[in-house]
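# Overview (structure and organization)
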Amino acid sequence: MPSLSEAFRGHPVYLHQKHHDFNSLQELPDSYAWTQPDDDDHRLTNYPSNNKTKTVVPIIDLNDPNAPNLIGHACKTWGVFQVVNHGIPTSLFSDIQRASLALFSLPLHQKLKAARSPDGVSGYGRARISSFFPKLMWSECFTILDSPLDLFLKLWPQDYAKYCDIVVEYEAAMKKLAAKLMCLMLASLGIPKEDIKWAGPKGEFNGACAALHWNSYPSCPDPDRAMGLAAHTDSTLLTILHQNNVNGLQVLKEGEGWVAVPPLPGGLVINVGDLLHILSNGLYPSVLHRVRVNRTRQRFSVAYLYGPPTNVQISPQVKLVGPTRPVLYRSVTWNEYLGTKAKLFNKALSAVRLSSSINGLFDVNEDKSNDFQVG
Ligand SMILES: O=C(O)CCC(=O)C(=O)O
Ligand SMILES: [Fe+2]
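This one's a predicted model, so the numbers in the text were calculated from it and none came from an experiment. (Residues numbered from 1 in each chain as written. Chains lettered and ligands numbered in written order. Predicted model: local features only at pLDDT ≥ 70, side-chain atom pairs only at ≥ 80, totals over all residues. Heavy atoms only, no water.)

### Here's the deal with the site of ligand 1
The condition is simple: By convention in these notes, a residue is near a molecule or strand provided one of its non-hydrogen atoms lies within 4 Å of it. Polar contact is defined as a pair of N or O atoms within 3.5 Å, subject to the rule that within protein one atom must be able to donate a hydrogen and the other to accept it, and that residues adjacent in sequence are counted only when both atoms are side-chain atoms. Put simply, DSSP marks the helices as runs of H or I at least four residues long and the strands as runs of E at least two long, and each gets a number from the N terminus on. Residues were grouped as follows: Ala, Val, Leu, Ile, Met, Phe, Trp, Tyr, Cys and Pro as nonpolar; Asp, Glu, Lys and Arg as charged; and all remaining residues, including Gly, as polar.
Lining the immediate environment of ligand 1, one finds 13 residues, of which N215, Y217, H289, R299 and S301 sit closest. Here an oxygen atom of ligand 1 and a side-chain polar atom of H289 are 3.0 Å apart. Of all the secondary structure elements, the ones that give two or more residues to the shell around ligand 1 are β5 (209-217), β6 (229-232), β11 (289-291) and β12 (299-307). Classifying every residue of the shell around ligand 1 gives 6 nonpolar, 5 polar and 2 charged.

### Comments concerning the coordination of the iron ion (ligand 2)
Heads up, the condition is: Coordinating N, O and S atoms are those within 2.8 Å of the metal (3.2 Å for Na, K and Ca), and as water is not part of the atoms, a site may appear to have fewer donors than expected. Burial classes follow relative accessibility: with a 1.4 Å probe on protein chains only, a residue under 20% of its type's maximum area counts as buried, one over 50% as exposed, and anything between as partly exposed.
Within the protein, the iron ion (ligand 2) binds to H232 (NE2), D234 (OD) and H289 (NE2); these donor distances fall in the range 2.2 Å. We classify H289 as buried; its relative accessible area is 6%.

### Topic: the sheet that holds strand β4 (residues 140-144)
Quick reminder of the rule: Only strands that DSSP links by at least two bridges are regarded as paired with each other. Lines fitted to C-alpha atoms define the axes, with helix axes restricted to the stretch in contact, and inter-axis angles between N-to-C directions lie between 0 and 180 degrees. Two residues form a contact once any of their heavy atoms are found within 4.5 Å.
Spatially, β1-β2-β10-β7-β12-β5-β4-β3 is the arrangement adopted by the 8 strands of the open sheet, whose pairing is mixed. Edge positions in the open sheet fall to β1 (59-61) and β3 (123-125), since each of these has one partner strand only. When strand polarity is set aside, the average angle formed by the axes of neighbouring strands in this sheet is 25°. In this structure, strand β7 (residues 238-243) lies alongside β12, joined through 6 bridges in antiparallel fashion. Along β12, the bridge assignment pairs Q243 with S301. Most of the contacts of helix α4 (residues 90-104) go to β5, to which it runs at about 60°, and overall it touches β3, β4, β5, β7, β10 (268-272) and β12. Most of the contacts of helix α7 (residues 160-188) go to β7, to which it runs at about 130°, and overall it touches β2 (80-84), β4, β5, β7, β10 and β12.

### Overview of the packing of α4 against α7
Where we set the bar: By the definition adopted for this analysis, an angle is roughly parallel if under 35 degrees, roughly antiparallel if over 145, roughly perpendicular if from 65 to 115, and oblique otherwise. Helix crossings are classified by the rotation of the near helix relative to the far one: an anticlockwise turn of less than a right angle makes the crossing left-handed, while a clockwise turn makes it right-handed.
At a minimum axis distance of 10 Å, the contact between α4 and α7 shows a crossing angle of 135°. For the element pair α4 / α7, the angle class is oblique. Taken as a pair, α4 and α7 cross one another with a handedness that is left-handed. Every residue of α7 that contacts α4 at L92, F93, D95, I96, R98, A99 and A102 is listed here: Y163, I166, V167, E169, Y170, A173 and M174. When grouped by side-chain class, the residues that make up the contact of α4 with α7 number 11 nonpolar, no polar and 3 charged.

### Thoughts on the nonpolar core
The following threshold applies: For this analysis, a nonpolar core means a set of buried residues of the types Ala, Val, Leu, Ile, Met, Phe, Trp, Tyr and Cys, connected via side-chain atoms within 4.5 Å.
Formed by 115 residues in total, the largest nonpolar core has its most connected members in F81, F142, F152, W214, I240, L268 and Y306. Of all the elements, α7 adds the most residues to this core, at 15 residues.

### Details of α7
Note the threshold: To estimate the expected span of a helix, count its residues, drop one, and scale the result by 1.5 Å.
Taking 1.5 Å per residue, 29 residues should reach 42 Å; α7 reaches 41 Å between its end C-alpha atoms and fits that length. At the C-terminal side of α7, G190 shows a positive phi close to 75°.

### Description of the side chain of Q243
Following the sequence through the fold, Q243 ends up in strand β7. Only 3.1 Å separates the side chain of Q243 from the backbone oxygen of V261, close enough to count as a polar contact. Reaching out from Q243, the side chain makes a polar contact with the side chain of R299 at a distance of 2.7 Å. With sequence-adjacent residues up to four places away left out, Q243 is seen in contact with Q82, Q97, L249, V261, P262, P263, V269, R299, F300 and S301.

### Thoughts on the packing of helix α3 (residues 67-77) against α7
Where α3 contacts α7, the two axes come as close as 8 Å, and the packing angle between them is 80°. On the basis of the axis angle, α3 is roughly perpendicular to α7. Packed against α3, whose contacting residues are P68, I71, G72 and C75, the element α7 presents L184, M185 and S188 at the interface. Per-class residue counts for the contact of α3 with α7 are 5 nonpolar, 2 polar and no charged.

Structural data, given as structure tokens:
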């Protein structure tokens, strides 16, 4: 089985290799300007930001006995929710955010010592989705697959060990939480975990693969015309996101537009990813999300991108298929899907969908992709 790192490397995307020191930019360079000064927000995407809505992304207490139902409802109606009482100590969030601040605060020449290789994924660079957009995003990211040791040695020749320890501890906590969330999400779909062979007898999901993705969104001289991270869905089963106390994340809600996901102290954002969308036979939408930036405060987030072993076939569960609900997707491995995503980006789900004309009726992720190009 290819490791996740090999799977990514087998499906490279081509990114701008030139990096900017954001702190030195007093004005938004044209290459980062997603709209012209006189454009309104409708040009940035076809969906307006929804500022007046009272609708909020569901917040779920994992100790609530009704959690599986609440999760099911949140997944079906939003494809995203926040969790509290998840059992992860807040000190671990402080540690990972401190490590992230230390990393992104390094001088650019130091960060570039751990730059991603052109065909690689690990290390410092631009968001992978950058290659699909004509404009650059106002963000930098750092991806960890496998061990962070080699990368951290380059960044912090003295202090690398303490940062490695934080990552190891954070990933272990995330892995456990992700397995618990998988069990709850499967229960909410009425699927016994025994139906998922790779879950293992106790639902530990030991064969799961994951990447840790650190994002930094520096303060921006012209935030209304810039984009922190463009609209995308994650190629995962699920994503667990920790954000610092700065706003910026937005999710697209059908009929509402873009809805902010405000940081919740000690809370975590859980996204349904494309593979869970497939596994649920389209019942749970893979949430489209983006990040906006602001003029004064730097935002940090840490995303745990979680999926199956790279060679396991993910397909709509038979219990979710019936006379009124035909099978919507063909089965794919994560490895194969990463290849489709690297070629087709936001159209990847449509590419693995079966007989789209009839089944499109049911597909909540149906082709929104065109709405997210710059005007
Ligand atoms: O920074 C965020 O809130 C979102 C990050 C994200 O979507 C990602 O890393 O895939
Ligand atoms: Fe994402």
